[in-house]
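An overview of the molecular structure
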Amino acid sequence: MKMGETMAQLGSSLAGIMFVWATMKQFFPDFLQDYIMRWTVKLIQWFKPQMEIRFWEKNTDRWKVNPAYTAIETYLGLKSTDHARRLKGDTFGKTEKVSLVFSLDESEEIVDFFEGVQMKWYAGKLVSHKKSISYYPGSDERRYFLLTFHCKHKKLITTRYLNHVIEAGKEIQARRKQQKLFTNRASSEWRNGRRDMWSNVCFDHPATFENLAMEPKKKEEIIHDLMTFTKSKEYYLKIGKAWKRGYLLYGPPGTGKSTMIAAIANLLHYDIYDLELTTIKNNSDLRQLLIHTGSKSIIVVEDIDCSLDIAAQRNKAKKDEKEKKTSKKKKKKDDDDSDSNEDDDDDGVE
């Protein structure tokens, strides 16, 4: 008898045993049920020692993309170039220099190795067959990556290996990242969260610290300060402070303030959010805009001195409006009192 036929018969036997157990377990005491189930699980694991971890593309709310999924997709893209037989191609980079990047195609499997241990990755897709009306094409498709490995390597996989995969994927994403310049819309135009709060275009500015006109010593000080900041996330967390850094750039128009911002963005590979305060009605709107900015980005507030004048004008306008409302209420009250006095006089006439 062949090995495949033997395993097939064994699988059928186990399935039959589980069916009988599901029928008969009601006649066994609870402690005996637990004992039998524990040994049944051990028996199944002996014949199938593989473990599986599934990473879905979307979180449970089905709107937000799972960061782990995108990091794994990027990591496997490098592996799939040499080992997979079917790939997906895409482009990245700035307008003058576009590069090709590959990723694992659907229903494709590749093998990876880490510290001498073998594991397999599979790119799958779950399609819902329920009949439903959706305004969003493809919303019934759920993509995932399935990681399979021997159960004896569980600790290695769930700690060092997966951390290695996620960090490597994020590093590759950072190198490939297309920087963007965001500009906030007026709050009256907001409809669908971040998508409508900020409009964006690709940021492609040639300014760097190498071609920036500045005293060499001052330039080195700024670069050192920026790089120290980027490596100090753990320190900020340790002392309980927000991981952010502020710079005040001042001077007449044309002295290089915008060029300096572009050079900083290109050095750190950060996006830029150009915050226009004149379109913001109140502190609540400002808070919402800041919440919907991306991590590792530069928030620019231009002409902040003019914005302060606008804030003062708004406060004055609010004060005038309040005084106007108070005056109207007082006038209405006086009119009501006058009408009441006239009614009293009419009641006294015979």
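Remember, it's a predicted structure, so these values are computed and weren't measured experimentally.

**Side note on the overall build of the protein chain**
In terms of regular secondary structure, the protein chain is built from ten helices and ten strands. The proportion of buried residues among the 350 residues of the protein chain is 24%. Element-wise, carbon and sulfur atoms account for 55% of the exposed surface of the protein chain, whose accessible area totals about 25,800 Å².

**Here we look at the sheet that holds strand β7 (residues 180-184)**
Taken in spatial order, the four strands line up as β8-β7-β9-β10 in an open sheet, and their pairing is mixed. Of all the strands in the sheet, just β8 (198-202) and β10 (297-300) have a single pairing partner and so form its edges. The mean inter-strand angle of the sheet, taken between neighbouring strand axes irrespective of direction, is 20 degrees. Bridging between strand β9 (residues 271-274) and β10 involves four bridges; their strand directions are parallel.

**Here's the deal with the pairing of strand β4 (residues 109-114)**
Side chains of β4 alternate between two faces, with Ile110, Asp112 and Phe114 buried and Glu109, Val111 and Phe113 left unburied. Inspection of the sheet shows β4 paired to strand β5 (residues 117-127) by six bridges, in the antiparallel sense. In the strand pairing of β5, Phe113 is matched with Gln118. The loop that links β4 with its antiparallel partner β5 comprises two residues; one of these, Glu115, has a positive phi angle of about 50 degrees.

**Brief notes about the pattern of salt bridges**
By the definition in use, this model includes three salt bridges. With its nearest N and O atoms 3.0 Å apart, the salt bridge here joins Arg160 to Glu115. Of the two residues, Arg160 sits in helix α4 (residues 154-176) while Glu115 sits in the loop between β4 and β5, which places them 45 residues apart along the sequence. Asp225 is the partner of Arg245 in a salt bridge, and the nearest nitrogen-oxygen pair spans 2.8 Å. Here Asp225 lies in helix α6 (residues 216-230) and Arg245 lies in the loop between α7 (233-239) and α8 (257-268), a separation of 20 residues in the sequence.

**Some points on the packing of α6 against α8**
It is the contact of α6 with α8, at a shortest axis distance of 11 Å, that shows an interaxial angle of 45 degrees. As the angle between them shows, α6 and α8 are arranged oblique. Taken as a pair, α6 and α8 cross one another with a handedness that is right-handed. Of α8, the residues touching α6 (which contributes Ile222, Ile223, Leu226, Met227 and Thr230) are Met260, Ile264, Leu267 and Leu268. Among the residues making up the contact of α6 with α8, the classes are represented as eight nonpolar, one polar and no charged.

**Observations regarding α8**
The end-to-end C-alpha distance of α8, which contains twelve residues, comes to 17 Å, matching closely the 16 Å that a straight helix rising 1.5 Å per residue would cover. Burial in α8 covers these residues: Met260, Ile261, Ala262, Ala263, Ile264, Ala265, Asn266 and Leu268. Of the residues flanking the end of α8, it is His269, one or two places downstream, whose phi is positive at about 60 degrees.

**Topic: the confidence of the model for the protein chain**
The pLDDT averaged across the protein chain works out to 76; a share of 62% of its residues lies at or above 70. When pLDDT is averaged over each helix and strand of the protein chain, the minimum, 58, is found for helix α1 (residues 3-24) and the maximum, 94, for α6. The low-confidence segment residues 134-139, where pLDDT is below 50, has three contacts with residues more than four positions distant or belonging to other chains. A low-confidence stretch, residues 342-350 stays under pLDDT 50, and its non-local contacts, those more than four residues away or across chains, total zero contacts.

**What about the sheet that holds strand β6 (residues 141-150)?**
Read from one edge to the other, the open sheet built from four strands follows the order β1-β6-β5-β4, with strand pairing classed as antiparallel. On the outer flanks of this sheet lie β1 (50-56) and β4, each paired with one strand and no other. Averaged over all pairs of adjacent strands, the angle between strand axes in this sheet comes to 25 degrees, irrespective of strand direction. α4 rests against β1, β4, β5 and β6 of the sheet, and its axis sits at about 125 degrees to β6.

**Quick notes on the nonpolar core**
One finds Trp121, Leu147 and Tyr161 to be the most contacted residues of the largest nonpolar core, which totals 24 residues. The dominant element in this core, judged by the number of residues it contributes, is α4, at seven residues. The residues contacting Leu147, other than those within four sequence positions of it, are Met51, Glu52, Ile53, Met119, Lys120, Trp121, Ile157, Tyr161 and Leu162. Counting 17 residues, the second largest nonpolar core, distinct from the first, contains Phe203, Ala207, Ala262 and Ala265.

**Re the environment of Trp56**
As for its placement among the helices and strands, Trp56 is situated in strand β1. In this structure Trp56 comes out as partly exposed when scored by relative accessible area, which is 25%. As a C-alpha pair, Trp56 and Tyr69 span 13 residues in sequence and 6.5 Å in three-dimensional space. Not counting residues within four places of it along the chain, the set of residues in contact with Trp56 comprises Asn66, Tyr69, Leu126, Arg142, Arg143 and Tyr144.

Basis of the calculations
- Position numbers for residues start from 1 in each chain and track the written sequence from start to end.
- Local features in this predicted model are restricted to residues of pLDDT 70 or higher, and side-chain atom pairs are both shown and tallied only at a pLDDT of 80 or more, whereas totals for entire chains, interfaces and linings draw on every residue.
- With hydrogens and water stripped out, all remaining heavy atoms of the structure feed into the side-chain values.
- Numbering goes from the N terminus for both helices and strands, where a helix is a DSSP run of H or I of at least four residues and a strand is a run of E of at least two.
- Each residue is assigned to one of three classes by its accessible area relative to the maximum for its type, calculated with a 1.4 Å probe on protein chains only: buried under 20%, partly exposed between the two thresholds, exposed over 50%.
- The protein chains shown are the only cover counted for residues, whose accessible areas, like all others here, come from Shrake-Rupley with a 1.4 Å probe.
- In short, DSSP must find at least two bridges between two strands for them to pair.
- Helix axes are fitted to C-alpha atoms over the stretch in contact, other axes to C-alpha atoms as well, and angles between N-to-C directions run from 0 to 180 degrees.
- The salt bridge definition used is simple: a Lys or Arg side-chain nitrogen within 4 Å of an Asp or Glu carboxyl oxygen.
- Here the angle decides the label: under 35 degrees means roughly parallel, over 145 means roughly antiparallel, 65 to 115 means roughly perpendicular, and every other value means oblique.
- Should the near helix be turned anticlockwise from the far one by less than a right angle, the crossing is termed left-handed; should it be turned clockwise, right-handed.
- In this description, contact between two residues means that some pair of their heavy atoms is separated by no more than 4.5 Å.
- All amino acids are sorted into three groups, where Ala, Val, Leu, Ile, Met, Phe, Trp, Tyr, Cys and Pro are nonpolar, Asp, Glu, Lys and Arg are charged, and the leftover types, Gly among them, are polar.
- Under the convention used throughout, the expected extent of a helix is 1.5 Å for every residue step, that is, one less than its residue count.
- Confidence of the prediction at every residue is given by pLDDT, a number between 0 and 100.
- We call a set of buried residues a nonpolar core when its members are Ala, Val, Leu, Ile, Met, Phe, Trp, Tyr or Cys and they connect through side-chain atoms within 4.5 Å of each other.

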